[in-house]
Amino acid sequence: MTTVYGPDHEPAAWLRALETARLEAMRAEGVPLDGSADVVTTLRDPSLATSWGRWCSRCQVQVPANESLSGLVTTPLPGVVLAGALCPACAVAETADASASAATGTA
Ligand SMILES: [Zn+2]
């Protein structure tokens, strides 16, 4: 399962914080974020990673190989795609949060 958020999605605080930090780091590196190039990269700044592995973007817990890791794709700006992952508990929580937001939006 992969959760995909487009530019119109209002991100949760944890996701907004990760997106903001990543965009700021890329701006500092001179990555074009004006839509002139497609930018596809990790949600978490790779220079901050202490190790490569199966990390949950939301709770930052390493997910064992025998547990499922769900994809998370967010598009904070047009042409900018950030990829992360969610542990089983966070995948359920995010789906519930998204459903609650959708339900609120249609109420
Ligand atoms: Zn998690």
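Look up: the structure comes first, before these words.
Residues numbered from 1 in each chain as written. Predicted model: local features only at pLDDT ≥ 70, side-chain atom pairs only at ≥ 80, totals over all residues.

**Re the environment of Leu86**
And then number 1: Tracing the backbone through its elements, the reader meets Leu86 in strand β4 (residues 80–86).
And then number 2: Leu86 sits 31 residues away from Trp55 along the chain, and the two C-alpha atoms are 7.6 Å apart.
And then number 3: Every residue in contact with Leu86, bar those within four places of it in the chain, is listed here: Thr3, Cys56, Ser57, Arg58, Ser70, Leu72, Ala91 and Glu94. (Helix = DSSP H or I, 4+ residues; strand = E, 2+ residues; numbered from the N terminus. Contact = placed C-beta atoms within 7 Å.)

**Quick word on the environment of Leu23**
And then number 1: Here Leu23 shows up in helix α1 (residues 13–29).
And then number 2: Along the primary structure Leu23 and Asp45 are separated by 22 residues, whereas in three dimensions their C-alpha atoms are 9.3 Å apart.
And then number 3: With residues up to four places along the chain from it excluded, the contact list for Leu23 reads Leu33 and Pro76.

**What about the nonpolar core?**
And then number 1: Cys56, Val63, Leu72, Ala85, Leu86, Cys87, Cys90 and Ala91 form the largest nonpolar core, which has 8 residues in total.
And then number 2: Leave out the neighbours within four places in its chain, and Cys87 touches Cys56, Cys59, Val61, Val63 and Leu69. (Core = buried A, V, L, I, M, F, W, Y, C linked by C-beta atoms within 7 Å. Buried ≥ 20, exposed ≤ 12 C-beta atoms within 10 Å, placed from the backbone.)

**Let's talk about α1**
And then number 1: With 17 residues, α1 should reach 24 Å at 1.5 Å per residue; the first-to-last C-alpha distance of 24 Å fits that figure.
And then number 2: Those residues of α1 hidden inside the fold are in contact with β3 (70–77) and β4. (Expected span 1.5 Å × (residues − 1).)

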